[in-house]
Structures are given as structure tokens and as C-alpha cells.
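# Geometric and topological summary
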Amino acid sequence: MRVVVVGGGIAGVSTVAALRAGGFDGDLTLVDAGELPYDRPPLSKEYLAGGKDLKQIALQPPHWYDEQRVRLINQSTVTALRPAHGAVELTGGLLLRADRVVLATGGGAARPPIPGGDGERVHVLRTADDADRLRAALTPGARVLVVGAGLIGAEVASTAVDLGCEVVLTDPVAKPLAAALGGELAAWLHELHARRGIVTLRAGVESFAETPDGIEVRFTGGFEPSRAFDAAVLGVGMVPVTALAAAAGLEAERGVVVDDLQVTSNPAVLAVGDAARTRRGPRAEHWEAAQHDGARAAAAILGTRPPAPTAPWFWTDRHGRHVEVVGAMGAAGRVVVRGSFDDPAFSVFGLRGGLVVAAAAVDDSSAARAARRMIDRRVPVHPRRLADPSVNLRALLRA
Ligand SMILES: Cc1cc2nc3c(=O)[nH]c(=O)nc-3n(C[C@H](O)[C@H](O)[C@H](O)COP(=O)(O)OP(=O)(O)OC[C@H]3O[C@@H](n4cnc5c(N)ncnc54)[C@H](O)[C@@H]3O)c2cc1C
């Protein structure tokens, strides 16, 4: 059997790795538009800060592809799927034979239609090239506007202030990420920005205009006076790349639609990672979810049992704090704080019906791991014991 994986992000690389780990012995090709496939989370963190280069954020070293017998076709783009002919077409018209195609095309940074938003000083962040351009603008003293205080916007604001920029962070929402983190933790994390000298505004952006003094930004609502910046960064979400799937007649709206095994409306084509979505709910848009998709797609191709589902997990880093989130905070009926927000490490647990359904741990990876086990194993916990940092979480797991 011949498998072609389109896209060398974490979802695509995880798919080829899981196929070989699962005993797949056929032809395996990975096509990616970039050079050596690299990881994206560092793009707003160490890579943007200049602490890591492209080689250090590679998903796998170059020799790994040879060892795994993966034909890596890089700096090449798949331009069309021809599932009826068992092939995909690459730039230049080259045809690759494929019995199964896995779409791992990820997403692009959203660029809402704000007047002036396509100007040179208005940045987005999705690729290493984006990060290189942005880093060149983040010089000490540069006036930087970050639009959107979600995961990526907050990380960029934090890195920009580390680099000595004067940062303004604007978001129309009072407590960004409250749905994922719970209101109290979301508010606390948002307040960290001000403590590091970042000015936070509660507004959207109406327009950008180039002036001799920089880009003049007009805010929505008219409450904030317009201001000039040297650079602006839009951190306002991601748009899944679905053009190939749509052109091939696959169901693809707000993501390539897949079933629980990542199979699209055409049984020979699977989709994984940020490009894909199930009918059940919104896409996770996180690193580990993309990795798990790859493992499920590999199992579907191999005809083996897919890995057992586990509570979703993601992390984010800002202002020197490492936050890990598991489960679905929105499902919690009650929130329990373990420790205090002033502690060097603490966590927030979301409970429903005596069970943990979510947790957000600040600088406490072991709490996040324990919470995940509690969720996956549906371990009943007493809220008072959970809230007491002197009670070992492992003991609660055994209870
Ligand atoms: C700046 C940033 C920071 C992040 N930080 C975190 C974090 O801290 N924690 C977390 O959990 N998640 C984080 N994420 C999210 C996480 O990185 C994504 O969920 C993950 O990268 C999705 O992987 P993917 O493989 O689906 O897509 P992508 O990483 O977007 O990879 C898709 C690949 O497909 C290629 N491609 C697309 N179309 C074609 C084509 N036609 N032919 C060939 N190649 C093609 C692209 O060039 C790209 O290399 C972050 C994302 C970004 C952008």
C-alpha cells in the first residue's frame, strides 16, 4: 500500500511515525511546503525570543526520515487530490500514486478584513517566516500592539516585553480564555500582563493606517484614542486549510469533516490536526490533539484498534509561568482552587457530580498529570481534600 501524507506539521509527522510504529511496511511519503518539518509552539516563545533556531525546533532530525523509510518531499506543495485515480498532484504537475492520502495541511493565521490590516507592519504568526519577520520588528523600545489576548497573543505580548518592547495588548473580552481556564484563573493570568508593564485595552481594532509616525490604529467603540505603533500583531485565531479537500469534492466546511477515525467523506482520504474537524464539536487546535489525530489515522489505515481516548491537554507559557490545562472547564459545575493564586505553583479543578472534569495547573505539571488520570478514570474526589495542597494527589487517585 502507498500512503501520502500532505503537510509536515505535528499532525503529519505523527501520522507517519505512528504508521511505522504500528508496523506499516508500504511506501510512505510526506510532502511539505517548507524545508525540514518544524514545531510551531516555540514560534511565539523561544524561537521568537531568539533562543532557538529552526534546527532546534525541527520535529525530527533529517536522518530520522531515512531511518523510518519516509520519503520526505519538502519545499513542494500538493496542488490537487485525485482520489478516483489513486494519486495526488504536486507543483509542476508531478503525480504521486497513493492508495490512502492523509491531509495534515493545518491552518493559516486569521486576518480579519480590517482596513489597512494587510499592511507590511501588521503581522500574523503561524510560520517560521512569520516569526522571523516579527522578531525583526521587536527591537528594544519598539511600540508594539498585540491584537487578541488569547493563547498566541498573550505569548507574543510576553515575549515582546522580554525583548524590551513597549507593548499594548488589546482584546474586547474582559477575561480572555475564561471558557478554557475558568473565569478566576483567566482574570489572574490576564492581570500578569499589567504587572510586566503591558498596557491592556478592552477594545477591538477598527482600522490601521500608515503614517510617518508608524501605523495609526483606531480602536472600536471610540473609547480609546487612536495611537501610533511601530508594529502590530494579529493573534485572532486560525483558519483551517481545506482548499484541496473542497476542490476534490470532500465535505469541508470550517475544517475537513472526519469521522472518529479521521476518515473524510471519501474513504481513501483521511484528515488530521488543525485542518480537520469532527461533527461532534469544535476542533481542539492544540499540539497534542494533532498528535493524537495522527495516531488514530494510522490505526484506521492499519486496521488496528485506535489509542484509547484521553482528556484533552494543552499548555501555554507567559511571563515565566507555565500553564497546563486538561479536560473541559466549560463542563464544570463547581471550581476548586488547590493552593492560592499567590503560591509559586497552584491549580484549579473543575468538578461535576463529584468527578473532576477539568483542571488548569500553574507551574505544576504533576497536578495536571494527576488531574488527567482522575478525569480518564472517573475517580470520585472530595472537593475539600482536593483543595488541600497537603493532601497528595496520588493518594486521591488511589482512594
Ligand atoms: C505560534 C503558535 C504557538 C502555539 N503554541 C501552542 C502551545 O503552546 N500549546 C499547544 O498545545 N498548541 C500550540 N499551538 C498550536 C499547535 O502548534 C497546532 O495545533 C499544531 O501545529 C497543529 O498541527 P498541524 O500539523 O495540524 O498543522 P500545522 O502545524 O499548521 O502544519 C501544517 C503543515 O502543512 C503544510 N501544508 C499545508 N498545505 C500544504 C500543501 N498543499 N502541500 C504541502 N504542504 C502543505 C504547511 O506548510 C505546514 O507545514 C501553537 C500554534 C502556533 C501557530
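Rules behind the numbers
- Residues numbered from 1 in each chain as written.
- Predicted model: local features only at pLDDT ≥ 70, side-chain atom pairs only at ≥ 80, totals over all residues.
- Heavy atoms only, no water.
- Near = heavy atom within 4 Å.
- Polar contact = N/O pair within 3.5 Å; in protein donor to acceptor, adjacent residues only side chain to side chain.
- Areas by Shrake-Rupley, 256 points an atom, 1.4 Å probe, with all protein chains shown as cover.
- Helix = DSSP H or I, 4+ residues; strand = E, 2+ residues; numbered from the N terminus.
- Nonpolar A, V, L, I, M, F, W, Y, C, P; charged D, E, K, R; others polar.
- Domains from an automatic or database assignment.
- 1 Å grid on protein atoms, 1.4 Å probe; cavity = no way out; pocket = protein on both sides within 12 Å on 5 of 7 lines; lining within 4 Å.
- Points joined across faces, edges and corners; volume = space filled by probe spheres on them.
- Contact = heavy atoms within 4.5 Å.
- Pairing = 2+ DSSP bridges.
- Axes fitted to C-alpha atoms, helices over the stretch in contact; angles between N-to-C directions.
- Buried < 20%, exposed > 50% of the residue type's maximum accessible area, 1.4 Å probe, protein only.
- Expected span 1.5 Å × (residues − 1).
- Buried area = accessible area lost by both parts, 1.4 Å probe.
- Phe/Tyr/Trp six-rings, centres within 6.5 Å; stacked < 30°, edge-to-face > 60°.
- Lys NZ or Arg CZ within 6 Å of the ring centre and 35° of its normal.

Moving on: the site of the ligand. Taken together, 34 residues lie around the ligand, and Asp32, Arg40, Lys45, Arg126 and Asp274 are the ones closest in. For the ligand, an oxygen atom lies 2.6 Å from a polar atom in the side chain of Lys45. With the chains in place, 92% of the 1000 Å² that the ligand exposes on its own is no longer accessible. Every element with two or more residues in the shell around the ligand is listed here: helix H1 (10-21), helix H5 (151-162), helix H9 (287-302) and strand E21 (313-318). For the shell around the ligand, the class distribution of residues is 16 nonpolar, eleven polar and seven charged. The two domains that each donate at least three residues to the shell around the ligand are domain 1 (2-108 + 238-302) and domain 2 (122-234).

With that out of the way, let us pick up the layout of surface pockets. To locate leftover empty space, one rolls a probe as large as a water molecule over the atoms. Roughly 180 Å³ of volume is contained in the second largest pocket. If you trace the second largest pocket, you find it lined by Arg338, Asp364, Ser366, Arg369, Ala370, Arg373, Asn392, Leu393 and Arg394. Of all the elements in the fold, those that place two or more residues in the lining of the second largest pocket are helix H10 (365-377) and helix H12 (393-398). The dominant element in the lining of the second largest pocket, judged by the number of residues it contributes, is H10, at four residues. Grouping the amino acids of the lining of the second largest pocket by side-chain chemistry returns two nonpolar, two polar and five charged.

The subject of this paragraph is the side chain of Thr264. Take Thr264: it is sitting in the loop between strand E18 (256-258) and strand E19 (269-271). A distance of 3.0 Å separates the side chain of Thr264 from the backbone oxygen of Asn266, its partner in a polar contact. A polar side-chain atom of Thr264 sits 2.8 Å from the main-chain carbonyl oxygen of Val269. Residues in contact with Thr264, not counting those within four places in the same chain, are Leu250, Val256, Val257, Val258, Val269, Leu270 and Ala271.

Turning our attention to the sheet that holds strand E15 (residues 227-229). The strands making up a sheet are joined through hydrogen bonds of the backbone, oriented either antiparallel or parallel. Spatial strand order, E13-E14-E15: three strands in an open sheet with antiparallel pairing. Taken across any chain shown, the strands that pair with only one partner, and hence form the sheet edges, are strand E13 (205-211) and E15. Each strand axis lies, on average, 30 degrees off the axis of its neighbour in the sheet, ignoring direction. Looking at chain direction, strand E14 (residues 214-219) and E15 are connected through three bridges and run antiparallel. Bridging across to E15, Glu216 finds its partner in Ala228.

This next bit is on the pairing of strand E5 (residues 87-90). Burial of the side chains of E5 extends over both faces: Ala87 and Glu89 are buried on one face and Val88 and Leu90 on the other. The pairing of strand E4 (residues 78-82) with E5 spans four bridges and is classified as antiparallel. Its bridge partner lying in E5, Leu81 is registered against Val88. Relative to strand E6 (residues 95-97), E5 runs antiparallel, the two sharing three bridges. Looking at the pairing, Glu89 lines up with Leu95 of E6. In this antiparallel pair of consecutive strands, E5 and E6, the connection spans four residues, and Gly92 shows a positive phi of 90 degrees.

Another aspect to go through is helix H7 (residues 183-195). When the terminal C-alpha atoms of H7 are compared, their 19 Å separation across 13 residues agrees well with the 18 Å that a helix rising 1.5 Å per residue should span. Those residues of H7 that sit buried are Leu185, Ala186, Ala187, Trp188, Leu189, His190, Leu192 and His193.

Its place among the elements puts Arg135 in helix H4 (residues 128-137). As a C-alpha pair, Arg135 and Gly50 span 85 residues in sequence and 7.9 Å in three-dimensional space. Residues in contact with Arg135, not counting those within four places in the same chain, are Tyr47, Leu48, Ala49, Gly50 and Lys52.

Turning our eyes to something else, we now look at the domain arrangement of the protein chain. Here the protein chain is described as being made up of domain 1 (2-108 + 238-302), domain 2 (122-234) and domain 3 (320-398). Distance between the C-alpha centres of domain 2 and domain 3: 30 Å. Taken together, the contact between domain 2 and domain 3 spans nine residues of the former and eleven residues of the latter. Across the domain 2/domain 3 interface, buried area totals approximately 820 Å², and carbon plus sulfur atoms make up 76% of it. It is Leu181, Leu185 and Trp188 in domain 2 that bury the most area against domain 3; as a group they hold 55% of the surface buried on that side.

In this structure the tally under the stated criterion is six aromatic pairs. Here the aromatic rings of Trp287 and Trp315 are separated by 6.0 Å at their centres, their planes lie at 75 degrees, and the arrangement is edge-to-face. Placement of the pair is Trp287 in helix H9 and Trp315 in strand E21, with a sequence separation of 28 residues. We note Arg135 situated over the ring of Tyr47; from NZ or CZ to the ring centre the distance is 5.0 Å.

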